[in-house]
Amino acid sequence: SQQGEEDPQALSIQEGENATMNCSYKTSINNLQWYRQNSGRGLVHLILIRSNEREKHSGRLRVTLDTSKKSSSLLITASRAADTASYFCATRTSGGYQKVTFGTGTKLQVIP
Amino acid sequence: NAGVTQTPKFQVLKTGQSMTLQCAQDMNHNSMYWYRQDPGMGLRLIYYSASEGTTDKGEVPNGYNVSRLNKREFSLRLESAAPSQTSVYFCASKEMTGLENYGYTFGSGTRLTVV
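As a starting point, this report considers the structure included with it. Predicted, not measured: the structure shown is a model, and the values here were computed from it.

**Looking at the pairing of strand β7 (residues 64-68) of chain B**
Residue and element names in this part refer to chain B.
Inference 1: Judged by which residues are buried, β7 turns out to be one-sided: Y64, V66 and R68 face inward and are buried, whereas N65 and S67, on the alternate face, are not.
Inference 2: Across 5 bridges, the pairing between β7 and strand β8 (residues 74-78) is antiparallel. Paired with Y64 across the bridge in β8 is L78.
Inference 3: Between β7 and β8, which pair antiparallel one after the other, the connecting turn spans 5 residues.

**Observations regarding the sheet that holds strand β1 (residues 4-7) of chain A**
Residue and element names in this part refer to chain A.
Inference 1: Sheet architecture is open: 5 strands sit in the order β1-β3-β8-β7-β6, paired in antiparallel fashion. The open sheet has two edge strands, β1 and β6 (55-58), and neither has a second partner. Each adjacent strand pair in this sheet contributes to an overall mean axis angle of 20 degrees, direction not counted.
Inference 2: Strand direction decides the pairing type here: strand β7 (residues 61-66) and strand β8 (residues 71-76), joined by 6 bridges, are antiparallel.

**Details of the interface of chain A and chain B**
Inference 1: Taken together, the contacts link 22 residues of chain A with 26 residues of chain B.
Inference 2: Between chain A and chain B, roughly 1,800 Å² of surface is buried when both sides are summed, and carbon and sulfur atoms account for 51% of that area.
Inference 3: Counting across the interface, chain A meets chain B through 0 salt bridges.
Inference 4: Linking chain A with chain B are 3 residue pairs in polar contact (both at pLDDT 80 or more).
Inference 5: At the level of secondary structure, the elements contributing two or more residues to the side of chain A that touches chain B comprise β4 (29-37), β5 (43-50), β9 (85-93) and β10 (100-102) of chain A.
Inference 6: Among the elements that line the side of chain A that touches chain B, the one with the most residues is β4(A), at 5 residues.

What counts, and where the lines are drawn
Residues numbered from 1 in each chain as written. Chains lettered and ligands numbered in written order. Predicted model: local features only at pLDDT ≥ 70, side-chain atom pairs only at ≥ 80, totals over all residues. Heavy atoms only, no water. Buried < 20%, exposed > 50% of the residue type's maximum accessible area, 1.4 Å probe, protein only. Helix = DSSP H or I, 4+ residues; strand = E, 2+ residues; numbered from the N terminus. Pairing = 2+ DSSP bridges. Axes fitted to C-alpha atoms, helices over the stretch in contact; angles between N-to-C directions. Contact = heavy atoms within 4.5 Å. Buried area = accessible area lost by both parts, 1.4 Å probe. Salt bridge = Lys/Arg side-chain N within 4 Å of Asp/Glu carboxyl O. Polar contact = N/O pair within 3.5 Å; in protein donor to acceptor, adjacent residues only side chain to side chain.

Written as structure tokens, this is what we have:
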């Protein structure tokens, strides 16, 4: 099974609402990253949070990390139609060399 | 624009045919990677190259070979394509080994169908 698993698998919200996606993982990590993928395109790196950090912000994005629960959440505030995409978490496990494991993604639809 | 360039964007192969997927980055990154993306499976690492002159197997290397031609280029070869290799292939690169403040930069992908 995947190291990182996102929840929910799909999410549909109205423009202007907040969107929250969760990621759970199994083993100790060095860092956790979130990526966005628009349909038919490559992944775009959004934000990286290290294992010793609890919260990080970037524009309308807020990421939290709870290493005791082995989980992370991505919050997109005041969503826009352009935020419609799939969002993936990726974990770099402690001790693993140059290997990052991706989850299966949350498909977000923002309705105008 | 700086980034990761993959060619071709689309390819249809017959079972048993061979082909090479090309990837080049112009960001002077040391590390390069090949992933495949299948529905419901997320991205899985095929091979990676931590630096020029080195390559290592990832999670799903069987049926593939790679070449790190120079610092810019990292190619993926399918010697004898199988229908199970139908997938979208992504190349990615990263700033530096051991420096974990950076994420990956991905190419736009190659959509491969093996019939």
